[in-house]
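Topology and contacts: notes
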2 protein chains.
Amino acid sequence: MNPVKIGILGLGTVGGGTVNVLRRNADEITRRAGREIQVCRASTRDLSRSRICDTTGIALTSDPDEIVSDPDIQIVVETIGGEFPARDLVMKALENGKHVVTANKMLIALHGNEIFAAARERGLMVAFEAAVAGGIPIIKTIREGLAGNKVEWLAGIINGTSNFILTEMWEKGRDFADVLKEAQALGYAEADPTFDIEGVDAAHKLTILASIAFGIPLQFGKVYIEGITGITAADVKYAEALGYRIKLLGIARRTPKGIELRVHPTLIPARRLIANVNGVMNAVLVKGDAVGPTLHYGAGAGAEPTASAVVADIVDVVRTLTSDPENRVPHLAFQPAAISEIPILPIEEVETAYYLRLSAEDKPGVLADVTRILASHHISIEAVLQKEMPDGESHLPVIMLTQKVAERELNAALREIEALPTIKGAVKRIRLETLG
Amino acid sequence: MNPVKIGILGLGTVGGGTVNVLRRNADEITRRAGREIQVCRASTRDLSRSRICDTTGIALTSDPDEIVSDPDIQIVVETIGGEFPARDLVMKALENGKHVVTANKMLIALHGNEIFAAARERGLMVAFEAAVAGGIPIIKTIREGLAGNKVEWLAGIINGTSNFILTEMWEKGRDFADVLKEAQALGYAEADPTFDIEGVDAAHKLTILASIAFGIPLQFGKVYIEGITGITAADVKYAEALGYRIKLLGIARRTPKGIELRVHPTLIPARRLIANVNGVMNAVLVKGDAVGPTLHYGAGAGAEPTASAVVADIVDVVRTLTSDPENRVPHLAFQPAAISEIPILPIEEVETAYYLRLSAEDKPGVLADVTRILASHHISIEAVLQKEMPDGESHLPVIMLTQKVAERELNAALREIEALPTIKGAVKRIRLETLG
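Computed from a predicted structure; not experimentally measured.

1. Side note on the UniProt feature "binding site: NADP(+)" (unreviewed entry) in chain A
Residues and elements named next belong to chain A. Under the UniProt annotation, "binding site: NADP(+)" (unreviewed entry) lies at L9, G10, L11, G12, T13, V14, G15 and G16. Turning to its location among the elements, G12 is positioned in the loop between β1 (4-9) and α1 (13-24). In contact with G12, not counting residues within four places along its chain, are G17 and I52. Mapped onto the secondary structure, G16 falls in helix α1.

What follows is the structure, given as structure tokens:
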């Protein structure tokens, strides 16, 4: 069969990595796909810049429009990243009848509904495996591999930068700010790390995972997002003493009242496999009603792991070039007509267990006041850890683990506790999930 | 669209589980697949036996031939297990133009080449996700999700029974025979557990994994197989003291001299995620050149986890009913014309590190003799652990970890060591892999 002709938008980390993998593994890929995959053209902002890939035989242009309108190109690979111009280029590629492969989580999370509708109208594929968890084929796993299941919940370490930071804080007792600086120096964190450490990047990915797990529209705006900037070395240490690790998780759960969609630091039992996913690695735990818990682990970023996912998508698209669009795997796993409007649960109604840390005066009756308030809100205490008074401090750190309680109820209790004259400052709270 | 009509051969654990999952999740599955999946007929040896599934609306027969020749049935699901009559029924289903979904590892490992050839001739699908690692979609992951990679190696805990036994031995210091009896009582091990504990079941699955990872024919006869019956509670304890766990692994590795295909107990570093996969759970670690290491974890057996894989395969087949056979994913991941005849490396030529345990007289010079022999065979020692003389014993246990050495060379050294008058009995050896 004729080679399939590809155009790539952007030759940075992901685009360059894709060219490298397609070249190096050309034989292996052709042995699988049954036909050659040929990168004909690529766009790049600065034609004179040095690149991680060899571009021999690839016509370069600084104008991405040339690629999305090139009649020879069958598949456009979008690896520019970001919202614009990526959205417009992808829409234009679709208008011009091209299939699209993208690694762009923000694009899919924010504009996926519109993009998939446009693709469907024209019988085109938009593949986005690389948008979530890099090289881990988690989209394919949930969408196809677990297709017989009703997914109950999923929880993922889907941001490598925050996982690197939390791992360093745990392994070495270091402070957040200190590790962040190192992560930036190592290139694991961007110059502006906000999206990573504030949970926005993880929320983009969670939006996509939840959609294909539950058959709901992409609704990034409804994700509750809390980052890791408030986690201290002390929290990490206290959690460890209680048998827990702190991880930034993206969690989606089906409940009778609606779907929970939330990204936040989370205490999880140290004995769980996912609690031992360290450094920049990613992992997604998916609980299906038939299969039970499954874990999918691998590199969540980097040129070649991401390229691995991009190339797998290209091969998938190549296989379906001649197939009947009706029978393809739907973009969001469920048939468009079967997408459900189950409501997303407001965070106040979400029930979780909590880690609470408070600074209490060291005198009789203080703990009794706190537990009385918690009891009056029907909040049960699972464990209490009282630490020695730190040097030069006037208050004792007291750590409590609660049983499950609705966030609204906890907030009410915390307001009362914080009003006690014996308690200093705000109560620190971190959600806790057993993932059992 | 019209419902797709399915016939199931066998209504035991897997067949019954499949009926249950298809019924319970009918809505969810139809939302994904776009059409209803209808189990019309099922065969069962004993029509009067009680079953785990409700068979209302399913025409039952004790003659499986009726199912494979029923003109209304489009997909035959084979969940009888074992070599015969499964092979003949599957071949007959194919002759009659039916697609096949099977959970039968032995069937695929032993007769897959012939079955896939027959299927190809008629443009039919044979799907077998459930044959390896139960509910973990590992076939799809390697075949499609990692299609851009040159797979370097894979290592899997792919037999739940042996993993349960080794986990109990490790957690509770129990003996092999003792745990085996419990596993049989719990139903984790068959009345005849030979296939599980001797590594044959794992070898069936490894045969399949290696074929789709490297694009080689199924060649079960070339797998080196060693079970866990020789592992003692003492070995498990010594391994732990050295920072290792013992797991029964199926390992396939690409080397310049050929492909390694082996199932054996293996010491692996305790800090690896896969070393912490316990009980009956399965996990497969796959190292691709682009993606790096990836781990895929879940339940490897049981009615519903296996049914999860069977149903995912049914949905996959349903999607391709109208597609051009040329463009489907090849049964063994690689195009039939591109299957490679890379040789399988004989076990004598395989290089690994080793755990050695010997019983030595407690007198000067004994260890020097042993290390001299090892050195003369260019075998480097990585660690030595000498234990106290056990009560009532005349010899000391000495444990050594070697660096990598070809098995032939190690065997020669061990023959010399075993001939020393100061060494009692055979040297126990267990292979060691860092999986790094």
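2. Thoughts on the sheet that holds strand β3 (residues 59-61) of chain B
All names here are of chain B. Taken together, 6 strands build an open sheet; the order of strands is β3-β2-β1-β4-β5-β6 and the sheet is parallel. Since the sheet does not close on itself, it has two edges, and those belong to β3 and β6 (126-127), each with one partner. With 2 bridges joining them, strand β5 (residues 99-102) and β6 adopt parallel strand pairing. Along β6, the bridge assignment pairs V101 with A127.

3. Some thoughts on the side chain of E129 of chain B
Residue and element names in this part refer to chain B. Position of E129 among the secondary structure elements: in the loop between β6 and α6 (138-145). Within the buried core, E129 has no salt-bridge partner, and the shortest N-O distance to an opposite charge, that of R143, equals 5.7 Å. Discounting residues that sit within four places of it in the chain, E129 has contacts with G134, I136, P137, I138, I139, K140, A309 and D313.

4. Quick notes on the UniProt feature "binding site: L-homoserine" (unreviewed entry) in chain A
Residues and elements named next belong to chain A. Per the UniProt record, "binding site: L-homoserine" (unreviewed entry) is annotated on E190. By secondary structure assignment, the location of E190 is in the loop between α8 (176-186) and α9 (194-197). Note on E190: relative accessible area 52%, which makes it exposed. Every residue in contact with E190, bar those within four places of it in the chain, is listed here: Q184 and D196.

5. Regarding the interface of chain A and chain B
The extent of an interface is frequently quoted as the accessible surface area lost upon association of the parts. Tallying the contact residues gives 65 residues for chain A and 65 residues for chain B. Per-residue buried area on chain A facing chain B is highest for R31, R32 and N327 of chain A; these three make up 16% of the total on that side. Along the contact surface separating chain A from chain B lie 6 salt bridges. One salt bridge in this structure joins K140 of chain B and E144 of chain A, with 2.7 Å as the shortest N-O distance. Inspection of the chain A/chain B interface yields 32 residue pairs in polar contact (both at pLDDT 80 or more). Elements represented by at least two residues in the side of chain A that touches chain B include exactly α1, α2 (26-33), α6 (138-145), α10 (200-214), β12 (292-299) and α12 (303-320) of chain A. Broken down by class, the residue content of the side of chain A that touches chain B amounts to 30 nonpolar, 19 polar and 16 charged.

6. Examining the domain arrangement of chain A
Residues and elements named next belong to chain A. By domain assignment, chain A separates into domain 1 (4-134 + 303-331), domain 2 (138-299) and domain 3 (348-432). If you look at the interface, domain 2 gives 20 residues, while domain 3 gives 16 residues. For the pair domain 2 and domain 3, the number of links is 3 salt bridges. Across the pair E226 and R431 runs a salt bridge, and its minimum N-O distance is 3.0 Å. Here domain 2 is connected to domain 3 by 7 residue pairs in polar contact (both at pLDDT 80 or more). If you list the elements that add at least two residues to the side of domain 2 that touches domain 3, you get α11 (233-241), β9 (244-255) and β10 (258-269).

7. Description of the sheet that holds strand β6 (residues 126-127) of chain A
Residue and element names in this part refer to chain A. Strand order in the open sheet formed by 6 strands is β3-β2-β1-β4-β5-β6, with parallel pairing between adjacent strands. Of all strands in the sheet, those with a lone pairing partner are β3 (59-61) and β6, marking the two edges. The pairing of β1 with strand β2 (residues 37-43) spans 6 bridges and is classified as parallel. Among the inter-strand pairings, I6 is bridged to a residue of β2, identified as V39.

8. What about the packing of helix α4 (residues 86-95) of chain B against helix α5 (residues 105-121) of chain B?
Residue and element names in this part refer to chain B. Following both chains from N to C, one finds α4 and α5 inclined at 15°, their axes separated by 10 Å at the closest point. It follows from the interaxial angle that α4 and α5 lie roughly parallel. Note on packing geometry: the crossing formed by α4 with α5 is right-handed. Touching A86, R87, V90, M91 and L94 of α4 are L107, H111, E114, I115, A118 and A119, all from α5.

9. What to know about the relation of the copies chain A and chain B
Note on the chain copies: they are related by a rotation about an axis and a translation along it. When chain A is fitted onto chain B, the two copies agree to an RMSD of 0.0 Å after a turn of 180° and an axial shift of 0.0 Å. Read as a symmetry element, the transformation amounts to a two-fold axis. Counting the interface residues of chain A, we find that 100% of their copies in chain B are interface residues as well, pointing to one common contact surface.

10. Regarding the packing of aromatic side chains
Residue and element names in this part refer to chain A. A complete count under the given rule lists 4 aromatic pairs over all chains for this structure. Ring geometry for F116 and F128: centres 5.4 Å apart, planes at 40°, overall tilted. Separated by 12 residues along the polypeptide, F116 in helix α5 (residues 105-121) and F128 in the loop between β6 and α6 bring together distant segments of the chain.

11. Quick notes on the packing of α2 of chain A against α12 of chain A
When two helices pack together, their arrangement is given by the angle between the helix axes and by the axis-to-axis distance. Residues and elements named next belong to chain A. One can describe the packing of α2 onto α12 by two numbers: an axis separation of 10 Å at closest approach and a directional angle of 35°. Along this stretch, α2 crosses α12, giving a crossing that reads as right-handed. Residues I29, R32 and A33 of α2 form the contact with α12, whose participating residues are V311, V315 and R319. When grouped by side-chain class, the residues that make up the contact of α2 with α12 number 4 nonpolar, no polar and 2 charged.

12. Section: unusual backbone geometry
All names here are of chain A. With an omega dihedral of 5°, the bond running from F84 to P85 counts as a cis peptide bond. Mapped onto the elements of the fold, P85 is located in the loop between β4 (75-78) and α4 (86-95). Residue A133 is not a glycine yet carries a positive backbone phi of 60°. Here A133 is to be found in the loop between β6 and α6. Among the residues examined, A133 registers a relative accessible area of 0% and is labelled buried.

13. Re a nonpolar patch on the surface
A grouping of L186, Y188 and V280 of chain A is seen on the molecular surface, where their side chains present a nonpolar patch of about 250 Å² in accessible area. Mapped onto the fold, V280 of chain A is located in the loop between β10 and β11 (281-288).

14. Focus on the environment of T13 of chain B
Residues and elements named next belong to chain B. Tracing the backbone through its elements, the reader meets T13 in helix α1 (residues 13-24). Note: C-alpha distance between T13 and Q74 (61 residues apart in sequence) is 23 Å. Sequence-distant contacts of T13, that is, excluding residues within four places in its chain, are made with I52, G302 and A303.

15. Things to note about the nonpolar core
Grouped together as the largest cluster of nonpolar side chains are 84 residues, with contacts concentrated most on L94, I138, I165, I208, L209 and L267 of chain A. With 10 residues, the top contributor of residues to this core is α10 of chain A. I138 of chain A has contacts with E129, V132, A133, L209, V284, V286 and H296 of chain A, leaving out every residue within four places of it along the chain. I115, V151, V200 and L385 of chain B belong to the second largest nonpolar core, which has 83 residues in total.

16. With respect to the pairing of strand β1 (residues 4-9) of chain B
Working note: regular strand, side chains alternate between the two faces of the sheet. Residue and element names in this part refer to chain B. In terms of residue burial, β1 counts as a mostly covered element, since 5 of its 6 residues are buried. Bridge analysis of β1 against strand β4 (residues 75-78) gives 4 bridges, and the strand direction is parallel. Counted as the bridge partner of I8 is V77 from β4.

17. Some thoughts on empty space enclosed by the protein
In this approach a probe as big as a water molecule rolls over the atoms, and the regions it shows empty are the leftover space. Applying the stated criterion across every chain, the model contains 4 cavities of 30 Å³ or more. Its volume calculated, the largest cavity comes out at about 600 Å³. Forming the boundary of the largest cavity are 34 residues, of which E144, T320 and V329 of chain A together with T320 and V329 of chain B lie nearest the centre. Listing elements by their share of the lining of the largest cavity, those giving two or more residues are β6, α6 and α12 of chain A together with β6, α6 and α12 (303-320) of chain B. Among the elements that line the lining of the largest cavity, the one with the most residues is α12 of chain B, at 5 residues.

Reading guide: rules and limits
- Residues numbered from 1 in each chain as written.
- Chains lettered and ligands numbered in written order.
- Predicted model: local features only at pLDDT ≥ 70, side-chain atom pairs only at ≥ 80, totals over all residues.
- Heavy atoms only, no water.
- UniProt positions renumbered as here; feature names shortened; annotations may be inferred.
- Helix = DSSP H or I, 4+ residues; strand = E, 2+ residues; numbered from the N terminus.
- Contact = heavy atoms within 4.5 Å.
- Pairing = 2+ DSSP bridges.
- Buried < 20%, exposed > 50% of the residue type's maximum accessible area, 1.4 Å probe, protein only.
- Lys, Arg positive; Asp, Glu negative; His and termini not counted.
- Salt bridge = Lys/Arg side-chain N within 4 Å of Asp/Glu carboxyl O.
- Buried area = accessible area lost by both parts, 1.4 Å probe.
- Polar contact = N/O pair within 3.5 Å; in protein donor to acceptor, adjacent residues only side chain to side chain.
- Nonpolar A, V, L, I, M, F, W, Y, C, P; charged D, E, K, R; others polar.
- Domains from an automatic or database assignment.
- Axes fitted to C-alpha atoms, helices over the stretch in contact; angles between N-to-C directions.
- Parallel < 35°, antiparallel > 145°, perpendicular 65-115°, else oblique.
- Left-handed = near helix turned anticlockwise from the far one by under 90°.
- Least-squares fit on C-alpha atoms with pLDDT ≥ 70 in both.
- Phe/Tyr/Trp six-rings, centres within 6.5 Å; stacked < 30°, edge-to-face > 60°.
- Patch = residues over 30% accessible without salt bridge, like charges linked within 9 Å, V, L, I, M, F, W, Y side chains within 5 Å.
- Areas by Shrake-Rupley, 256 points an atom, 1.4 Å probe, with all protein chains shown as cover.
- Core = buried A, V, L, I, M, F, W, Y, C linked by side-chain atoms within 4.5 Å.
- 1 Å grid on protein atoms, 1.4 Å probe; cavity = no way out; pocket = protein on both sides within 12 Å on 5 of 7 lines; lining within 4 Å.
- Points joined across faces, edges and corners; volume = space filled by probe spheres on them.

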